[in-house]
Amino acid sequence: MALRRFNFGVTLSSWKMKYSTHSDPLGTNLKERQAQMMKKGLPVKKPIEGVKNVILVASGKGGVGKSTVAVNLALALSRHLPSQDVGLLDADIFGPSIPTMMNLSGNPLLTDKNLIKPLVNYNIKCMSMGFLVDNNAPVIWRGLMVMSAIEKLLRQVDWSPLDYLIIDMPPGTGDTQLSIAQNIPVAGAIIVTTPQEIALIDARKGALMFQKVGIPVVGLVNNMASYACPNCGHHSHIFGATGAEKLSKEIGVDVLVDIPLDTSIMEAADGGYPIVISSTSNNPLVQAYMSLAEKVLSRLSAIKDEPSR
Amino acid sequence: MANVQILPNVKHVFLVLSGKGGVGKSTVSTQLALTLQNCGFKVGLLDIDLCGPSIPRMLGLENSAVHQCAQGWVPVYTSPEQTLGVMSVGFLLENKDDPVVWRGPKKTAMIKQFLTDVYWQDLDYLIIDTPPGTSDEHISVLENLKTVKCDGAILVTTPQAVAVGDVRRELTFCKKTGLNVIGILENMCGYVCPHCSECTNIFSYGGGESLAEMGKVPFLGRIPIDPKLTKATENGENFITAFQDSVAAQAFITIVKKYMIPQEESMDVSEPIDV
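Residues numbered from 1 in each chain as written. Chains lettered and ligands numbered in written order. Predicted model: local features only at pLDDT ≥ 70, side-chain atom pairs only at ≥ 80, totals over all residues. Heavy atoms only, no water.

Take the interface of chain A and chain B next. Contacts between the two partners involve 52 residues from chain A and, on the opposite side, 55 residues from chain B. When the buried surface of chain A facing chain B is broken down by residue, R142, I198 and K205 of chain A rank first, second and third, together holding 15% of it. Connecting chain A to chain B are five salt bridges. Notably, a salt bridge pairs E143 of chain B with R142 of chain A, separated by 3.0 Å at the nearest N-O pair. The set of elements that each furnish at least two residues to the side of chain A that touches chain B consists of α4 (98-101), α5 (143-155), α6 (175-183), α7 (197-212), β7 (217-228) and α9 (263-270) of chain A. If you tally residues by element for the side of chain A that touches chain B, the top one is α7 of chain A, at eight residues. (Contact = heavy atoms within 4.5 Å. Buried area = accessible area lost by both parts, 1.4 Å probe. Salt bridge = Lys/Arg side-chain N within 4 Å of Asp/Glu carboxyl O. Helix = DSSP H or I, 4+ residues; strand = E, 2+ residues; numbered from the N terminus.)

It is worth spelling out the pairing of strand β6 (residues 188-193) of chain A at this point. Residue and element names in this part refer to chain A. β6 sits mainly inside the fold: six of its six residues count as buried. Judged by which residues are buried, β6 turns out to be covered on both faces: G188, I190 and V192 on one side and A189, I191 and T193 on the other are all buried. Pairing between β6 and β7: five bridges, direction parallel. Looking at β7, one finds that V192 is bridged to V221. (Buried < 20%, exposed > 50% of the residue type's maximum accessible area, 1.4 Å probe, protein only. Pairing = 2+ DSSP bridges.)

A word on the environment of V221 of chain A. Considering the arrangement of structural elements, one finds V221 of chain A in strand β7. Spatially, the C-alpha atom of V221 of chain A lies 20 Å from that of A181 of chain A, the residues being 40 residues apart in sequence.

In this section: α9 of chain A. Residue and element names in this part refer to chain A. Where burial is concerned, most of α9 is hidden: six out of the eight residues are buried. Every buried residue of α9 is listed here: T263, I265, M266, A268, A269 and D270. With its phi angle positive at about 75 degrees, G272 sits one or two positions after the end of α9.

Bringing the packing of aromatic side chains into the picture now. Each aromatic ring pair is summarised here by two numbers: the centre-to-centre distance and the angle between the ring planes. Taken as a whole and assessed by the stated rule, the structure comprises six aromatic pairs over all chains. Through a chain of ring-to-ring contacts, the aromatic side chains of F14, F41 and Y125 of chain B assemble into a single cluster. (Phe/Tyr/Trp six-rings, centres within 6.5 Å; stacked < 30°, edge-to-face > 60°.)

Turning to its location among the elements, K205 of chain A is positioned in helix α7. With a relative accessible area of 2%, K205 of chain A lands in the buried category. C-alpha separation for the pair K205 of chain A and T173 of chain A, spaced 32 residues apart in sequence, amounts to 7.9 Å. The contacts of K205 of chain A, once residues within four sequence positions are left out, are T173 of chain A together with C51, P53, L93, K96, D97, D98 and P99 of chain B.

UniProt tags C193 and C196 of chain B as "binding site: [4Fe-4S] cluster" (unreviewed entry). Relative to the helices and strands, C193 of chain B is located in the loop between β10 (191-192) and β11 (199-200). By relative accessible area, C193 of chain B is classed as buried at 1%. Ignoring any residue separated from it by four or fewer positions in sequence, one finds C193 of chain B in contact with C229, C232 and H234 of chain A together with E198 of chain B. If you trace the backbone, C196 of chain B turns up in the loop between β10 and β11. Assessed through its relative accessible area of 26%, C196 of chain B is described here as partly exposed. Residues within four places of C196 of chain B in sequence aside, it is in contact with C229, N231 and C232 of chain A. (UniProt positions renumbered as here; feature names shortened; annotations may be inferred.)

Written as structure tokens, this is what we have:
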């Protein structure tokens, strides 16, 4: 049987030579080729103009304290590096907590270039869905609209110039996480968890998701780690004790800080006057967040100095 | 499109919602389901939190798999009597630690399958545990439940302002979509120190009750932070049976008796439920 010459000038034999190997004689290494083909369809990561480093504060689980940690981390970073600009993006479209915690409200204005001007408080530039919708109005959107909103909050806000943009992520591993991971380069992610197993299951998923999409997880925050009774000082581990340490060993990511469950952190956040600025620097709670900021910065510079993976 | 009848043999459907994450929706869903089961009803528990399915762990069903029968997927039952059947994406994962990183359309399709392809059989109650927010999962479940008589939604919150703010939105969501609101339940209200018995309101106080008043919906009650409940959900134990005299268990029993069991169906409501 004579070999047919294909239209694009490749003979069957030359095709086999190109793609076949000893272990795969028919050249059917489809999986690899498929992966290559699929990569072509993915969005290209484009940095946000004027923003040097993006840090994600995430967790698979809801209610572990992502917003509280994000707000206090942003303030701690700002305190640690007073000459640098820090911003805070609330990516939780459905449950935006940043306006309450940063004591900000009102409709943002537009700049001459038609960019949304972030609202500023405590020297932090902030943007949240909460500024764009009414307090009581739910945002009942399917994933596609969420993607579009996230894109606007990233690119159509006048962030520039920013040294650090902290993004407070919503719970879960869905559209928002994918949109951010696929569209912008991220310096690193912090996973917040509480010690209980139910939270850890989801935190683990969150960490694995970041590993899947190639975002370095710089560390874990063990939030609500223990509780000291204000009456007798007795320490209890309301939400469990050793969970975060166990997770840390499992996924090879260090616990950066243990933050206790303290009513004052919650009251400060609810009141729009976060603890890092409302309390003195010798308050152990403030020191915990300052320590977190220092460790995050040192981990990020270690990642940058690593030879490209 | 084929007119598939959704949940043809389910008498009552309740959704457990919250705008806020981490307030205890899954905990409340499982405890309500266990309480109803203890009352002698046939209960189904559907977990539509696809990214963070907590229900399998809470009922000790983590390593269970879903089987197929001629009529569809068989829910995972907690006991041979088959009085509590559970469905969750957690049972469909190869590895329980695998993250489910799906965009909206895939989630919508999965939820539809949970409602149409699962062979729930005859149920007195179906409790649906939702993820936080008002997105694809919530829109899909309500769309699919249009032909089903849904008794209503139980909104869970913690007392603090940031939680209440999100639940306020969820309340508006229910009103906009015409979903009946059974009431607001305030979780994690107060912690009693095991050492000195002093009760402290770690997550503030009263937010849920004020919201219920403002939204003109019933206030269903308060559940305190009970480490025994936390431990039971971690270990997949039946808290309602093991600690039925505790404040938390009694709160769940009261909610079930007063708001979920219609008066004409209640058998010996005057007597405390003996489990």
